Amino acid sequence: MSQGHGRIVEIEHATVSVPLERPLQAGSLRIELREYLCVRVTLDSGTAGECFVLTRGLDVGAALADLFAEAAIGGGPERLEALRSLVRNVGWDGPISRAASALRLAFLDARARERGEPVWRTVGGEHAPSSKAVVVIGYTRAGDDPGDADIDDAAAAVEAGARCLKLMAGAAGPTVELRRLAAVRDAVGDEIELGLDVNGAWAVAEAHAALPRLADLGVFVVEEPWAYEHGLSSFDGLPAERPPLAFGEVSSSILELEAIANSGLVEYIRGDATLLGGAEAYRELAPALAASRCVLFPHFWPELHSHLVAPAPAGYLLECVLPESDEFGLARLISAPTALTAAGELVASSGPGFGFALDWEWINHQAERPPTRSPSERSD
């Protein structure tokens, strides 16, 4: 296979729904499946790279086809960087940011595979990144009350090597969530770190009132205790006694994440490469993170983020779920989901690219519409 010039000759993408074995409940929302846009990019050398992004019900495929695919054909790294710069500060999570990110990440996978190296080396890492894993537990199964599965999930995670757990909040208020956290703490002991992900479900006032009580439980982080949309003014009057806070998982703007870090009010930045466009975002965020001493805590997708954090400042966390729980349906979609080590860490693959493969035979069968292929005849 020739090395080629790193130019894209074909883009294939399909949107696929992955049924969950155990439906989840989030307030009045019942989640029975996860929907992904799957992208495969082929270079002029014949090397292909691929990636996936969660759609959250958005028509990400249409955004890719209408805005990016034609412009990307025949282009290389410079063309893809120009496309990223068009949307790098869109600000809010949406189909445009997800489409741009999916295309760039698939292209990055292809370039790494073309070189026969892992993505973490392509983006400038000297060694395979290894980070303490934060295992997500406590998703509410449809028909259950919040908390029914917490203890079993926590025990399974600790047995698998986890030293840090993050409890997903249900539809309940602070009183119920504090009770759930206390029960998990009693079950796993004081040596296991605990965090709480509220997903913006509490009002600002009740969240502020709950923070000292959460601090008493020794949680290492509270993620989005109120909705991100309220802005920095919602931090006015924060209690002196509070756990570290995490925000940013729905932002597609590097400038916005820099502002959050520079505020001095948030200790963990939840930047998601499937919204921000890839490893370049973490490189650009690095000065603000270092200056503010914020910890990078990417939003899920360990198969991707385990590589992409290579340019980030030292000190970051990665999250995952236990493979048997599969709340995101990735076991059906991809080969080799990132595994938790016995030491409670996530280590980036050292194989070519991201180290996983999409099951395109299954995708082609499962997709509602046939995969879309961009013309491969064009060249610069």
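Residues numbered from 1 in each chain as written. Predicted model: local features only at pLDDT ≥ 70, side-chain atom pairs only at ≥ 80, totals over all residues. Heavy atoms only, no water.

Secondary structure assignment for the chain yields 13 helices and 13 strands. With respect to the principal axes defined by its C-alpha atoms, the chain has extents near 60 × 45 × 35 Å. The proportion of buried residues among the 380 residues of the chain is 56%. Residue pairs at least 24 apart in sequence account for 72% of intrachain contacts in the chain once pairs closer than 6 positions are excluded. Separation between the mean location of the 31 positive side-chain charges and that of the 55 negative ones in the chain comes to 3 Å. (Helix = DSSP H or I, 4+ residues; strand = E, 2+ residues; numbered from the N terminus. Buried < 20%, exposed > 50% of the residue type's maximum accessible area, 1.4 Å probe, protein only. Contact = heavy atoms within 4.5 Å. Lys, Arg positive; Asp, Glu negative; His and termini not counted. Charge placed at Lys NZ, Arg CZ, Asp CG, Glu CD.)

With that settled, the discussion passes to the nonpolar core. Tyr36, Leu165, Leu308 and Leu333 are the most contacted members of the largest nonpolar core, which totals 112 residues. For this core, the leading source of residues is helix 3 (residues 95-115), giving ten residues. Setting aside residues no more than four positions away along its own chain, leucine 165 makes contact with Val134, Val135, Ile137, Ala154, Ala157, Val158, Val188, Ile192, Glu193, Leu194, Gly195 and Phe220. (Core = buried A, V, L, I, M, F, W, Y, C linked by side-chain atoms within 4.5 Å.)

On to the packing of aromatic side chains, then. For the structure shown, the criterion picks out 14 aromatic pairs. Pairing tryptophan 226 with phenylalanine 247 gives two aromatic rings, centres 5.5 Å apart and planes at 50°, and the pair type is tilted. Placement of tryptophan 226 in the loop between strand 7 (221-223) and strand 8 (245-247) and of phenylalanine 247 in strand 8 is noted, with a sequence separation of 21 residues between them. Its relative accessible area of 2% is what places phenylalanine 247 among the buried residues. Both rings, one in tyrosine 268 and one in phenylalanine 297, keep their centres 6.0 Å apart while their planes meet at 70°; by these two values the pair is edge-to-face. One end of the pair, tyrosine 268, is in strand 9 (residues 268-269); the other, phenylalanine 297, is in the loop between strand 10 (295-296) and helix 11 (302-308), with 29 residues separating them in the sequence. Each member of the pair, tyrosine 268 as well as phenylalanine 297, carries the same accessibility label: buried. Among the aromatic residues, ring-to-ring pairing joins Tyr36, Phe52, Tyr139, Phe300, Trp301, Phe328, Phe354 and Phe356 into one connected group. Here arginine 40 stacks its cationic end above the ring of tryptophan 360, 4.5 Å away from the centre of that ring. Taking NZ or CZ as reference, arginine 270 lies 4.1 Å from the ring centre of phenylalanine 297, over its face. (Phe/Tyr/Trp six-rings, centres within 6.5 Å; stacked < 30°, edge-to-face > 60°. Lys NZ or Arg CZ within 6 Å of the ring centre and 35° of its normal.)

Following both chains from N to C, one finds helix 8 (residues 254-262) and helix 10 (residues 279-292) inclined at 15°, their axes separated by 9 Å at the closest point. Considering their axes alone, helix 8 and helix 10 lie roughly parallel with respect to each other. Of the two possible hands of crossing, helix 8 and helix 10 adopt the one that is right-handed. In this structure, helix 8 uses Ile254, Leu257, Glu258, Ala261 and Asn262 to contact helix 10, whose residues at the interface are Ala281, Glu284, Leu285, Ala288 and Ser292. Residue composition of the contact of helix 8 with helix 10, grouped by class: six nonpolar, two polar and two charged. (Axes fitted to C-alpha atoms, helices over the stretch in contact; angles between N-to-C directions. Parallel < 35°, antiparallel > 145°, perpendicular 65-115°, else oblique. Left-handed = near helix turned anticlockwise from the far one by under 90°. Nonpolar A, V, L, I, M, F, W, Y, C, P; charged D, E, K, R; others polar.)

A word on unusual backbone geometry. One non-glycine residue with positive phi stands out, namely arginine 56, at about 55°. The backbone of asparagine 199 sits at a positive phi, close to 60°, despite the residue not being glycine. Along the chain, asparagine 199 turns up in the loop between strand 6 (193-197) and helix 7 (204-216). Owing to a relative accessible area of 42%, asparagine 199 belongs among the partly exposed residues under this scheme.

Counting buried residues in strand 5 (residues 164-168) gives five out of five residues, a clear majority hidden from the surface. When strand 4 (residues 130-137) meets strand 5, the two strands line up parallel, connected through three bridges. Bridging from a neighbouring strand, isoleucine 137 pairs with leucine 167 of strand 5. In terms of handedness, the path from strand 4 via helix 5 (residues 150-159) over to strand 5 forms a crossover that is right-handed. Relative to strand 6, strand 5 runs parallel, the two sharing five bridges. Each bridged residue has a counterpart across the sheet, and for leucine 167 the counterpart in strand 6 is leucine 196. The handedness of the strand 5 to strand 6 crossover, carried by helix 6 (residues 174-188), is right-handed. (Pairing = 2+ DSSP bridges. Right-handed = clockwise from strand over helix to strand, strands pointing away.)

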